[in-house]
There are 2 protein chains.
Amino acid sequence: MSQDARNPSGAPDRSSPDGHHGPSRRALLGWGGSGLALGAVAAGGAVAAVRSEGATAPVGPSGAEVPFHGPHQAGIATAVQDRLHFAAFDVTTQDRARLAALLQEWTRAAELMTAGHPVGEGAYGGLPEAPPDDTGEALGLKPSRLTLTIGFGPSLFAKGRFGLEDRRPEALVELPKFPGDNLDASRSGGDLCVQACADDPQVAVHAIRNLARIGMGRTAIRWSQLGFGKTSSTTPEEQTPRNMMGFKDGTRNVSGTDAAALKKHVWVGERDGSGWMSAGSYLVARRIRMHIETWDRAPLQEQEDIFGRDKGEGAPVGKAKERDEPFLKAMLPSAHVRLAHPDTNDGATILRRGYSFTDGTDGLGRLDAGLFFLAYQRDVRTGFIPVQRSLAAHDALNEYIQHVGSAVFAVPPGVRDKDDWWGRALFS
Amino acid sequence: MSQDARNPSGAPDRSSPDGHHGPSRRALLGWGGSGLALGAVAAGGAVAAVRSEGATAPVGPSGAEVPFHGPHQAGIATAVQDRLHFAAFDVTTQDRARLAALLQEWTRAAELMTAGHPVGEGAYGGLPEAPPDDTGEALGLKPSRLTLTIGFGPSLFAKGRFGLEDRRPEALVELPKFPGDNLDASRSGGDLCVQACADDPQVAVHAIRNLARIGMGRTAIRWSQLGFGKTSSTTPEEQTPRNMMGFKDGTRNVSGTDAAALKKHVWVGERDGSGWMSAGSYLVARRIRMHIETWDRAPLQEQEDIFGRDKGEGAPVGKAKERDEPFLKAMLPSAHVRLAHPDTNDGATILRRGYSFTDGTDGLGRLDAGLFFLAYQRDVRTGFIPVQRSLAAHDALNEYIQHVGSAVFAVPPGVRDKDDWWGRALFS
């Protein structure tokens with residue numbers, strides 16, 4: 001029975017509520033192909049086709065496609081999508097060439113998936129006696145603004161592993177231990193990370209799962225985190241999302257369209273050392289557990305004093321509107337907004353891209369909920385580290401939160417075209 | 001500073017992609033009120049206002065409001081929303097009157113939240129020296145088709161607890177141990193459950209959290225489960241969603257608009273015994289872990305043989321289209337679809353409403369992913385139990401799945417009006 005006969009296109013796509021119809025994973029079903037293995041060469045032709053299809057994709061808020069190729073990786077300045085699946089990987093192979101080949105295969109798969117297509121030669125283009133190239137659960141779903149963003153952890157550069165010890169950027173430092181840290185090693189670190197953001201969580205979960213599957217025998221998932229709702233946006237024109245404490249979060253975040261601010265605070269410059277990282281960024285990930293049951297018993301005034309903003313509108317202390325300039329001295333010295341402000345930290349500015357999480361219960365009748373904090377910056381030594389030193393030492397919020405996971409990654413520049421791949425400059 | 005001044009309504013709501021504008025939680029911000037405590041009496045006036053506003057709400061697929069009141073609880077026949085937060089509670093009070101009061105408070109809060117409003121007298125209508133009535137993270141979000149559905153577990157009826165032992169329905173049996181069950185007690189059972197379904201997960205999480213907060217001192221969360229994507233729909237006209245094995249799931253599910261099928265298979269009849277359960281239903285919840293890494297290595301043909309449907313289209317063996325009538329004898333005797341079919345189980349038919357989950361990793365480099373199975377039925381003894389006996393004994397899929405959590409609940413009928421409350425007929 002041919003693929004066409006088995007997969008008539010009469011069934012409608014699961015439409016997005018806005019009625020946009022981006023290229024669907026289903027559209028790839030009819031593809032034939034002589035190659036079976038997913039590889040850089042075999043997938044090259046598919047990528048070209050995808051790119052030309054992608055050019056016709058409608059630009060819209062929901063089902064649309066975010067271009068994968070560019071000078072910077074997507075998923076950093078990109079307007080923040082609603083859902084997240086994040087995974088840190090251990091590299092289990094000791095062979096540098098096998099690792100480089102994996103990164104090429106991952107890149108080809110990422111090109112396909114971010115365009116709304118299954119990996120490989122069509123979802124079920126394989127022979128019946130072989131496992132399908134794609135796991136299938138995103139078939140018929142739209143690109144959903146999926147972005148996939150890779151990072152390299154400090155451990156990847158360790159001596160005796162892949163010969164990368166001389167390529168480690170100076171800026172890729174291990175984070176210091178901050179007061180109050182209660183880090184779980186099994187939720188920290190990682191040789192590689194992939195951040196999958198999408199408006200449909202099934203699309204994000206599918207992407208991580210298929211990368212994990214492609215990596216089998218060469219990588220293993222070390223930890224992963226689902227984020228159900230964004231807590232920061234990079235689009236100041238939109239309503240600011242609220243975190244699990246009920247406060248607006250990210251009001252003064254770096255805007256994804258502010259090229260000057262991105263250049264100054266987010267993108268690694270050509271003269272920042274480690275040429276292979278030029279146009280890249282550095283990512284700090286922190287799993288921050290919130291003691292929400294305790295928080296929920298705190299009086300409104302105390303909650304607002306702790307943040308330095310009012311809860312309803314999000315206005316800084318003494319001001320009327322959310323986006324009014326904060327007057328820091330009107331806030332308590334221990335107020336979160338005051339301590340995190342660039343003026344308190346020699347101008348340190350980071351692009352936040354965190355998500356709320358709820359991972360069941362903790363065995364004590366409390367929700368295991370909080371903020372999976374993600375921040376991009378040009379240099380962690382002048383970005384996250386000074387900000388977190390201030391917060392860890394003085395933040396009144398510390399009574400209600402605890403950092404339980406931590407990782408830092410060098411995020412290489414974007415994949416330029418179909419001949420390029422994640423980390424090429426590092427491994428070449 | 002007045003609430004109005006602090007919360008100017010100039011900031012736009014986070015719009016749903018379809019551009020519908022349902023009543024927003026923000027709209028309640030300006031509410032004043034003399035009462036502070038959330039209680040049946042204090043909230044009564046608010047509910048009336050909500051209902052009159054609700055009548056003007058647009059009916060749409062995304063941000064809309066699902067009516068809370070009716071002969072049946074919403075969240076059963078209701079078109080399945082995209083996201084789930086489910087919680088099972090232990091009742092910690094031993095006082096029947098306090099439990100009944102809690103159920104009244106929960107009902108009032110559910111009326112407000114499903115209409116898109118914060119609980120209590122406006123989100124921050126309380127005094128500054130008191131904790132806010134509502135935790136705030138859903139402020140500004142739309143109703144998002146939120147439904148809240150309550151259930152009562154067998155343990156609630158135990159002798160010596162609340163004097164309900166004579167009210168326990170005969171149909172509320174403990175599930176037998178099925179072959180292959182590997183149940184985790186900390187993810188099983190519960191005196192009460194609340195199923196929160198919504199198109200925005202933040203709205204579902206907010207609802208469970210606020211019910212848990214209201215219940216503090218009387219209930220404690222026993223376990224909870226986030227579901228990121230629906231795997232079954234009750235709307236056959238829509239595209240059938242796919243589960244984490246990549247297969248369409250719920251093709252032949254009971255339709256939420258098929259009154260005859262609902263009456264026959266889902267709603268408890270007046271003559272089914274236990275009058276207080278008339279127009280209610282019984283819910284089975286099973287946490288089913290999928291060994292997706294192993295599944296992903298299985299050949300396509302084997303996967304299709306195991307299910308009894310093809311993977312792309314979802315057509316039964318030997319047929320061309322998903323909705324073609326299955327010819328069971330063409331399938332392997334161990335095929336999942338064959339074993340689950342009503343013809344194999346004396347007509348047993350259940351309404352499935354499950355969700356995919358991904359809860360991080362299992363410590364062995366594998367995703368802790370699978371299906372959180374939810375099924376409603378008129379009687380578990382003629383519904384889930386015979387179906388699961390067939391599957392547990394013979395299903396070829398058992399090699400790839402394991403049931404790790406289990407619970408059963410009596411789901412009372414709907415709340416008729418603002419004087420009614422969840423469980424009134426049971427406690428009166």
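The model shown is predicted, which means the values in this text are computed figures rather than measured ones.

Observations concerning the relation of the copies chain B and chain A
- The transformation that overlays chain B on chain A combines an axial shift of 0.0 Å with a rotation of 180°, and the residual RMSD is 0.0 Å. Here the symmetry operator amounts to a two-fold rotation axis.
- When the interface residues of chain B are mapped onto chain A, 97% of them again fall at the interface, so both copies present the same face.

Details of the pairing of strand β1 (residues 83-91) of chain A
All names here are of chain A.
- Counting buried positions over the 9 residues of β1 gives 8, a clear majority of the element.
- Bridging between β1 and strand β3 (residues 192-198) involves 7 bridges; their strand directions are antiparallel. The partner of R83 across the bridge, within β3, is A198.

A few points about the nonpolar core
- Core analysis: the biggest nonpolar cluster contains 154 residues, and A:W106 and B:W106 have the highest contact counts within it.
- Contact partners of B:W106, with chain neighbours within four places excluded, come to B:F89, B:I150, B:L192, B:V194, B:L211, B:I214, B:G215, B:T219 and B:W422.

Examining the interface of chain B and chain A
- Taken together, the 73 residues of chain B in the interface contact 72 residues of chain A.
- Buried surface at the junction of chain B and chain A, summed over both partners, amounts to about 6,200 Å²; 55% is from carbon and sulfur atoms.
- Here chain B and chain A share 2 salt bridges between them.
- Notably, a salt bridge pairs B:R209 with A:D296, separated by 2.8 Å at the nearest N-O pair.
- The tally of links between chain B and chain A comes to 18 residue pairs in polar contact (both at pLDDT 80 or more).
- Secondary structure elements with two or more residues in the side of chain B that touches chain A: α1 (3-6), β1 (83-91), α4 (201-214), β4 (219-227), α6 (292-295), α7 (300-307) and β8 (355-361) of chain B.
- When the residues that make up the side of chain B that touches chain A are grouped by side-chain class, the tally is 29 nonpolar, 20 polar and 24 charged.

Considering the UniProt feature "domain: Dyp-type peroxidase C-terminal" (unreviewed entry) in chain A
- Within the UniProt annotation, "domain: Dyp-type peroxidase C-terminal" (unreviewed entry) is assigned to residues 240-415 of chain A.
- For the annotated span residues 240-415 of chain A, helix accounts for 20% and strand for 23% of the residues, and the straight-line distance between the end C-alpha atoms is 30 Å.

Let's talk about unusual backbone geometry
All names here are of chain A.
- A positive phi angle is found at D346, which is not glycine, with a value near 55°.
- Inspection of the secondary structure assignment puts D346 in the loop between α8 (336-340) and β7 (351-352).
- Accessibility expressed as a relative area gives 84% for D346, which makes it exposed.

Some details on the environment of B:P118
- Turning to its location among the elements, B:P118 is positioned in the loop between α3 (96-114) and β2 (147-152).
- Between the C-alpha atoms of B:P118 and B:R297, which are 179 residues apart in sequence, the distance is 47 Å.

Considering the packing of α3(B) against α4(B)
Residue and element names in this part refer to chain B.
- Close contact between α3 and α4 brings their axes to 10 Å; oriented N to C, the two are set at 155°. By the angle between their axes, α3 is roughly antiparallel relative to α4. Viewed along their axes, α3 and α4 form a crossing whose handedness is right-handed. Of the residues in α4, those in contact with L102, E105, W106, A109 and M113 of α3 are H206, A207, N210, L211 and I214.

Focus: the pairing of β4(B)
Residue and element names in this part refer to chain B.
- Buried residues dominate β4, accounting for 7 of its 9 residues.
- In this structure, β1 lies alongside β4, joined through 8 bridges in antiparallel fashion. Opposite A87, over in β4, you have S224 as the bridge partner.

Thresholds, definitions, all that
Residues numbered from 1 in each chain as written. Chains lettered and ligands numbered in written order. Predicted model: local features only at pLDDT ≥ 70, side-chain atom pairs only at ≥ 80, totals over all residues. Heavy atoms only, no water. Least-squares fit on C-alpha atoms with pLDDT ≥ 70 in both. Contact = heavy atoms within 4.5 Å. Buried < 20%, exposed > 50% of the residue type's maximum accessible area, 1.4 Å probe, protein only. Helix = DSSP H or I, 4+ residues; strand = E, 2+ residues; numbered from the N terminus. Pairing = 2+ DSSP bridges. Core = buried A, V, L, I, M, F, W, Y, C linked by side-chain atoms within 4.5 Å. Buried area = accessible area lost by both parts, 1.4 Å probe. Salt bridge = Lys/Arg side-chain N within 4 Å of Asp/Glu carboxyl O. Polar contact = N/O pair within 3.5 Å; in protein donor to acceptor, adjacent residues only side chain to side chain. Nonpolar A, V, L, I, M, F, W, Y, C, P; charged D, E, K, R; others polar. UniProt positions renumbered as here; feature names shortened; annotations may be inferred. Axes fitted to C-alpha atoms, helices over the stretch in contact; angles between N-to-C directions. Parallel < 35°, antiparallel > 145°, perpendicular 65-115°, else oblique. Left-handed = near helix turned anticlockwise from the far one by under 90°.

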